[in-house]
Amino acid sequence: MKTKNVIDLTDLSHQELTDIIKLANEIRERPKEFGDVCKGKILATLFYEPSTRTQMSFQTAMLRLGGSIIGFDNPQNSSVSKGESLKDTITVVGGYADIIAIRHPSEGTAAAASMYSAAPVINAGDGGHLHPTQTLTDVVTLYNEMGRLDHLTIGLCGDLKNGRTVHSLIKTMSTFKGNKFILISTPELSVPQYIKDIINASECDYEEIGSLTEAMPGLDVLYMTRIQRERFASEEEYKKQNGVFVLDKEKLKAARKSMKILHPLPRVDEIDVEVDYDERAKYFEQTVYGMYGRMALIMTMLKNTDRTPDPRVYPTHPFRCSNPNCISRTEKYLPGIFREAGGDMLLCRYCEGRTLI
Amino acid sequence: MKTKNVIDLTDLSHQELTDIIKLANEIRERPKEFGDVCKGKILATLFYEPSTRTQMSFQTAMLRLGGSIIGFDNPQNSSVSKGESLKDTITVVGGYADIIAIRHPSEGTAAAASMYSAAPVINAGDGGHLHPTQTLTDVVTLYNEMGRLDHLTIGLCGDLKNGRTVHSLIKTMSTFKGNKFILISTPELSVPQYIKDIINASECDYEEIGSLTEAMPGLDVLYMTRIQRERFASEEEYKKQNGVFVLDKEKLKAARKSMKILHPLPRVDEIDVEVDYDERAKYFEQTVYGMYGRMALIMTMLKNTDRTPDPRVYPTHPFRCSNPNCISRTEKYLPGIFREAGGDMLLCRYCEGRTLI
Amino acid sequence: MKTKNVIDLTDLSHQELTDIIKLANEIRERPKEFGDVCKGKILATLFYEPSTRTQMSFQTAMLRLGGSIIGFDNPQNSSVSKGESLKDTITVVGGYADIIAIRHPSEGTAAAASMYSAAPVINAGDGGHLHPTQTLTDVVTLYNEMGRLDHLTIGLCGDLKNGRTVHSLIKTMSTFKGNKFILISTPELSVPQYIKDIINASECDYEEIGSLTEAMPGLDVLYMTRIQRERFASEEEYKKQNGVFVLDKEKLKAARKSMKILHPLPRVDEIDVEVDYDERAKYFEQTVYGMYGRMALIMTMLKNTDRTPDPRVYPTHPFRCSNPNCISRTEKYLPGIFREAGGDMLLCRYCEGRTLI
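What counts as what
- Residues numbered from 1 in each chain as written.
- Chains lettered and ligands numbered in written order.
- Predicted model: local features only at pLDDT ≥ 70, side-chain atom pairs only at ≥ 80, totals over all residues.
- Heavy atoms only, no water.
- Pairing = 2+ DSSP bridges.
- Helix = DSSP H or I, 4+ residues; strand = E, 2+ residues; numbered from the N terminus.
- Axes fitted to C-alpha atoms, helices over the stretch in contact; angles between N-to-C directions.
- Contact = heavy atoms within 4.5 Å.
- Least-squares fit on C-alpha atoms with pLDDT ≥ 70 in both.
- Domains from an automatic or database assignment.
- Salt bridge = Lys/Arg side-chain N within 4 Å of Asp/Glu carboxyl O.

Draft legend 1. Local environment of the sheet that holds strand β5 (residues 153-157) of chain A. Residues and elements named next belong to chain A. Sheet architecture is open: 5 strands sit in the order β7-β6-β5-β8-β9, paired in parallel fashion. In this open sheet, the two strands that pair with only one neighbour each are β7 (205-209) and β9 (260-262). Neighbour-to-neighbour, the strand axes of the sheet open up by a mean angle of 20 degrees, direction not taken into account. Pairing geometry for strand β8 (residues 221-224) and β9, over 3 bridges, is parallel. Residue pairing in the sheet places V221 in a bridge with K260 of β9. Against the sheet, helix α5 (residues 132-146) contacts β8 and β9, and its axis sits at roughly 170 degrees relative to β9.

Draft legend 2. Just the relation of the copies chain A and chain C, in detail. Overlay of chain A on chain C (RMSD 0.0 Å): rotation 120 degrees, translation along the axis 0.0 Å. Taken together, the rotation and translation describe the operation of a three-fold axis. Scanning chain A for the C-alpha nearest the rotation axis identifies S68 of chain A, at a separation of 5.1 Å. Looking at the interface residues of chain A, only 7% of them are also at the interface in chain C, so each copy uses its own face.

Draft legend 3. Highlighting the sheet that holds strand β3 (residues 99-104) of chain A. Residues and elements named next belong to chain A. Spatially, β2-β1-β3-β4 is the arrangement adopted by the 4 strands of the open sheet, whose pairing is parallel. The open sheet terminates on both sides in strands that have one partner only, identified here as β2 (68-72) and β4 (121-126). With strand direction ignored, the average angle separating the axes of adjacent strands in the sheet is 15 degrees. Pairing geometry for strand β1 (residues 42-47) and β2, over 5 bridges, is parallel. Counterpart to L43 in the pairing with β2 is I69.

Draft legend 4. Seen up close, the domain arrangement of chain A. Looking at the assigned domains, one finds that chain A contains domain 1 (9-127 + 289-302), domain 2 (133-280) and domain 3 (313-357). The straight-line distance from the C-alpha centre of domain 2 of chain A to that of domain 3 of chain A is 31 Å.

Draft legend 5. Structural detail: the side chain of T225 of chain C. Counting through the fold element by element, T225 of chain C comes out in the loop between β8 (221-224) and α9 (235-244). With residues up to four places along the chain from it excluded, the contact list for T225 of chain C reads C157, G158, D159, T165, V166, H263, P264 and E270 of chain C.

Draft legend 6. Structural detail: the interface of chain C and chain B. In this assembly, 27 residues from chain C lie in contact with 27 residues from chain B. Applying the counting rule to chain C against chain B returns 5 salt bridges. Where D88 of chain C meets R267 of chain B, a salt bridge forms, and the shortest distance between an N and an O atom there is 2.6 Å. A total of 8 residues in the side of chain C that touches chain B trace back to one element, the largest contributor, which is helix α3 (residues 86-96) of chain C.

In structure tokens:
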């Protein structure tokens, strides 16, 4: 693999991604052959924001490869509470561990971490920005459940505006030919324009539909997501809209027998519990596919023996990113690094936020 | 072992329990032979209620068998805090792990978990209900320290009303012949009637005594437990009663030289520290016996390769359990499953609480 | 190694310390040869006061030797919160684990723990008292970066009054010949008299200087430490003094090219981030040396198979230590054990505090 760190799943080439999916399947079929491949290696899971699910998935992946784990899930217990910078924490842990999975509430943190870490860095979620191993989980599931990653009609339902898993899945799936995205949401929670631009620039297509029931019959895949109560204008609005996007047995009647239902989990009530017993429900299997995907990713990344921090030498600018949730806003020593995005716009290389000069 | 999950120690037959005790002793005598038997296997310790002691005992047991561990001890850091159901957490973790030990403040949680877990489930404590591996610890200790599990005179002292370790120990020991239970407590904190019924139905016997000093000379074993301050009507009552049930050197003078003192720990002040240096004190050795007991249990359970969740298909009823601390009260999707207990009474299959129709 | 427990680095003889440093270097050069030497052994990290850095360093060390880890970093989640004594916790964990690393906010805790632990105990920090593995980290770094441990001119800068790492480093380095300590601080934060007495009694020397810039040219080594804001009389005083003791590129101009900069970390702002890129900065490498030092220490201690708790049979006195932060003040069952320190003074064997009879 060319890239040392995995900040975004698009850091991987199409071929590299396909290789990881195939490796994930090999591990799944013959797990015993891989039970010692990471013996003597240590994964550090640095969770500045708790997420038991994701952390356990990474830990299980490493342990099933014969490796070991260190880490924290409670920043109050860490040196962070003594005012230590991200840079110092990462520099030290990068010296202890062979590979790092980091989750942080600020956007761009994994990219910033990769600038100081001797060990390769996996982004395990940076605020509302990216969560590439969730997308890896999704594509491993699709590959296995559908037999292909192209020419699929994929319904995406819920909060498409704020859902980073949705954005990331569209970005990755639009690199495969002939996929059609059916975007199912209220107008207020529809997919941002830049995601539509990505689809438009690809060999894929999309359609926006305001009703889950209406969209159902045409779908190969239904990707459900949570709608957070606080995204709605009022409780009344929430109750009204929410029911429309809840998947239950009744709505499922219109679906194809071969359709597969995915969900990044945790689920709250957007899928009725009775759907769990439908054969089309694949969201629990999905977490197991995710474990194999992470095993394949860790194994592949550890083949790279480069222990040099990524200098990320881009043209730097004497500006601060204007995204208030960008890691460069709180970690002041980080240089302002941007990509010119046309006109007077700069794109932050940490959080991908846009700043007007 | 016939049972896949261990919710209650009585899930094991008399023979199965004896086999586990014998295996525990084999491991204790030749630990090196067992250092790799669980290589490649993962134990998840899901502690919704913190208990470092119990968690460390399970972790140590798995590590000494060559296995690995994942888990949490702080539900605030888990997906639970995002409103995830027990069912979903268990379904996912049951896909990651090979065996689960679960502790939860609500009664019946381990039973409910076993309905959704591919991995076998060990009850590591469900509210005030059951704690079978503590009882396993107790019987491994008794077997080794007394040389037998029958024809013992066992004093049980402290809060016998609320102490689940006491109830569980009596239930298990009354399956062996000729044991006599000396129940030492205040009238307010005496053993519940249903426990007395169990003894009466067995080949064992019991006697109630209000004084530790008086009971002492006849005992083969003294099983001490904590009396929680909040169980008493007043602070005055606590101080008065508490001293009567504190074991110290003075009270110990009346005991046999061969008597053994057990305690499930943690101890607060119901055993004076000076007693620790008496040769009859076995409560610290007891924790080590517990580790070997858990090793034997894990090893035995992992021989069962059944990965089907226990459907617990009992006659279900359109009722909710009336125990306010039953897991079925908070996890609403759980079906009401009961056993008819005579008359208009139903016995909840989660928490064993009684509900009047 | 003669001593079973490592409470203070001076528990090791000069020869034993040198052997551990050499073993650390062997492990660093040929790590694969040591990847299984602690297979089947368990380290318990009992952190009553969180310190991710130190805990991770111990965990990494044990895992890289092929051992396993248990432990906690949050006393609220432990039996401690049920009122359990240190003695009981240690007795139980000492039965589970093969070696214990303990950190606690009270002084003397590691010494007290060693009285009840079957497993050998490493002091991972006891309040403001001792932190021997930090000092081991420092000397492994000095040995490798300077090629020797004697005849060095070592500047120590910052809060020399309260900095336990400084005291401990001076105690250890003054056992080697011809070292000169340049003590750089404000008069209010200067080294305590008893440390000066130790230097005076050795074959080393010291000098006190109030300016980092002035001291710089003569130094072989600069050991920087944090000055905590709350140590100053006022915010104004802090700002005034603080700048004087901040290391930046400008102050570094006066230093020798061969000088090495150390810091126990975490760093807040007493070293400017730009210094990190100077070749003389060795504080991040220092953490890696520390990992090898801890590996060598653990490996050496585990060769000792003595499982008897250290009785610490010293002449005891019917007194309590007068240090309010001594562990013997809160754990009441601990006997008062003292060494006569001349006149009417007693030296507490837990915290080394002085009590006037």
